[in-house]
Structure formats: structure tokens, C-alpha cells
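# Overview (structure and organization)
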Amino acid sequence: MSAPAHIDPRLLRAFVAVAEELHFTRAAARLYIAQQALSRDVRRLERELGVELFVRTTRQVTPTADGERLLPHARRVLAAQDDLLAAFGQARPLLVDLNSPGLATGRRVLHRARELAPDCELMARYESGLTGAAAELLAGRLDASFGRWAGLEPALRSGLEQQPVRYEPMAVVLPEEHPLAGLPRVPVAALAGEQVYAGAGNPRTREWTDLARRLFEGHGIRLASPLPLAVGDEEFVRIMAKTRNPVLAVVDFPAMPGTVRRPLVDPVPLSPVSLVWRKGLVHPGLDALRRAAGELAEAEQWLRRPEDGWIPAIDDGVMSVQR
């Protein structure tokens, strides 16, 4: 591989996107450019370097040996460029995962951050679970996310940083005809004998399933069996209508047709929510997110635990760190 005197960072960004997505259409969507433009940039980089970077077939895109060799260098160059631009207020868009469109905590933090940094572009994504988002963060395909930090594997946490945001009270979503649906609040013990859905089998939400398992232990509550991954409210409602199982949720979970949402009590189980980002990330949008999270946590007393609040012991130290 012969290096030219100058390489346009745009070409490197195109190359990295394709190398990570292994798909030209997805890479183009990630960069907000036309696929034809992306292909031109990759071909131009190949001409300038005098090598072939990808093996392209009708079914897949695979980096060549030269492509594999270029990838870590390209990532370092782009990271340095991002840091430089951020230092002078010319940052690229910050990609923020909100898990699900209906959840309020991350959405409120993002909206406030946009007010604090109107010149920054903070773009929302929905990766459905912090475990799934963590891999995207480490790969550089996302910049920040929200969720239960203690539920991540240590190998994932080692490349990430976090800031506690909220103890979010948990709830149960019940079919309208369920015997517990008439209660204003549902005691945890009242779910004994039930099979409650908490994302079991979904590899992107393992931290949530682990939280449910710890909550249900000793109460005679079983985790419902894995279900097909439902994308979107309509599919979620359709799948849950088939099983009629209660669903573990949080108090601001969006209303669904044919269901009621009831807070859980005795004790009040809490979902520990942190803002999570890639270690070493420098970006004014991240600064705005962290400030917004701190402001809202203080104003709304999000980090004040009720006397009868419950979280797993492994989450205690995580949520008490200084912000």
C-alpha cells in the first residue's frame, strides 16, 4: 500500500462506514449521503492508495487484507479530526441512542441538551437496549446512550464511561381484563405465579432482563419465554396480545391499546438509568448532554431514592458515583 501525500478525511470516513457496516446502502444512510456518492469516494480512495479495499459481490462486502490493515489507522485519523473540530466548535453530529421512542428520560435530556447547545447537531437513534447500544458505542457507530450501566458485561464497560441520571420507578403493563388491572398500584408480591415478559432472549436488552430476574427472585414470579423481536408499537401490541403476559416496564412507558400501566410497589423497584458514552470522546454535544442530565436530575430529584425504593446491590455503587 503506497500512501499519497494527502488523503481527504471524507474518503476515510466513507471507507470506515463501509468497513463497519459491510453494506454500502447502510453505510450511505449512516453518513446521510447517496449510495452513488459513497461508492465514488471509496473508489477514489482505492485509486489514491493503489489497492483494492473491499471484495464486492451481489451478496456481501468484505474488506481485503489491505482494507483490514487500513481500518485502525483510518479510525485514529478520524478520531483526531473529530477532536480538533470539537475544540474549535465545528463538531460533527453527535449520535444519541434513546432506546425507544416512547421513553421519556433520554428524550428529555436530549431536548434540554439541544437548548443548551443550539449550534450542535444532536441526532436521535433507537437501538433498543443498552447492551445492543454498547457495542455500537465501542465501534464508533453511536456516541451516547442511556440505560443500566451495572447490567453491562465488564468487557463492554471497560471502553465506556457513565454518569448517573435517574432512578426510574418501574411498572407493569397488564391486559385490560387482567385481575390486577383494577388496582391503582400493583404490589410486587401480587405477581406471584405470573409469567412476566422482560425481554428474555433479546440479546440487545440483556441488562433489562437481568434487572427483572433480580427483582423477581424470591417472589414466585417467572420470566416469560422469549418472543419474536417486535419492532414498533403495532408489532409489540400484536405480539403481546397473543401471550396476554404482563410486561415489566417503567412508569412513563407509552400507553398501548387494550392494556393498562400500573406502578409497582412494596417495594418500589427502580430502574437505574445512566448516560453512557465512549471513553475518551470529546464533543461539545456530549458536554451539553452531561450538563442537561445533571440539571434535570437536580430539578426533578431523579437521583433521590424513595425510602421503599429497591435496586440490585450491584447497582448501588454505580449510581452513587460523583457526577
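Residues numbered from 1 in each chain as written. Predicted model: local features only at pLDDT ≥ 70, side-chain atom pairs only at ≥ 80, totals over all residues. Heavy atoms only, no water.

## Let's talk about unusual backbone geometry
Put simply, the rule reads: We count a stretch as a helix when DSSP gives it H or I for four or more residues in a row; a strand needs E for two or more, and each element gets its number in order from the N terminus. When a residue's accessible area, from a 1.4 Å probe over protein chains only, is under 20% of the maximum for its type it is buried; when over 50% it is exposed; and in between it is partly exposed.
Following D266, the chain continues into P267 via a peptide bond in cis, with omega recorded as 0 degrees. Checked against the element boundaries, P267 lands in the loop between β11 (259-265) and β12 (268-278). Backbone geometry at L22 places phi at a positive 55 degrees, although glycine is not the residue there. Among the secondary structure elements, L22 is positioned in the loop between α1 (9-21) and α2 (24-31). Notably, D266 is not glycine yet its phi reads approximately 55 degrees, a positive angle. In this fold, D266 is placed in the loop between β11 and β12. For D266, a relative accessible area of 53% gives the class exposed.

## Quick notes on the packing of aromatic side chains
Our working definition: When two rings of Phe, Tyr or Trp (its six-membered ring) have centres within 6.5 Å they constitute a pair, described as stacked for plane angles under 30 degrees, edge-to-face for angles over 60, and tilted for the intermediate range. Here, a charge over a ring is recorded when the distance from Lys NZ or Arg CZ to the ring centre is within 6 Å and its angle to the ring normal is within 35 degrees.
This model, assessed by the stated rule, comprises two aromatic pairs. Here F15 and F54 contribute two aromatic rings whose centre-to-centre distance is 5.5 Å and whose plane-to-plane angle is 40 degrees, an arrangement assigned as tilted. In this pair, F15 is assigned in helix α1 and F54 in strand β1 (residues 54-56), connecting sequence segments 39 residues apart. A single burial state applies to F15 and to F54, both of which are buried. Plain terms: the ring middles of F24 and F54 are 6.3 Å apart, the flat faces sit at 75 degrees to each other, and that makes the pair edge-to-face. Here F54 lies in strand β1 and F24 lies in helix α2, a separation of 30 residues in the sequence. For the pair formed by F24 and F54, the shared burial category is buried. Every member of this aromatic cluster is reached through a ring pair, and the members are F15, F24 and F54. Cation over ring: R305 sits above Y167, and NZ or CZ is 5.6 Å from the ring centre.

## Digging into the pairing of strand β6 (residues 160-175)
Rule in force here: Pairing between strands is defined by DSSP: at least two bridges between them are needed.
Among the 16 residues that make up β6, 14 are buried, leaving the element largely enclosed by the rest of the structure. Examined bridge by bridge, β6 and strand β10 (residues 247-250) share four bridges and lie antiparallel to one another. The residue of β10 that forms the bridge with M170 is V250. Taken together, the five bridges between β6 and β11 define a ladder with antiparallel strand orientation.

Geometry only, nothing functional implied.
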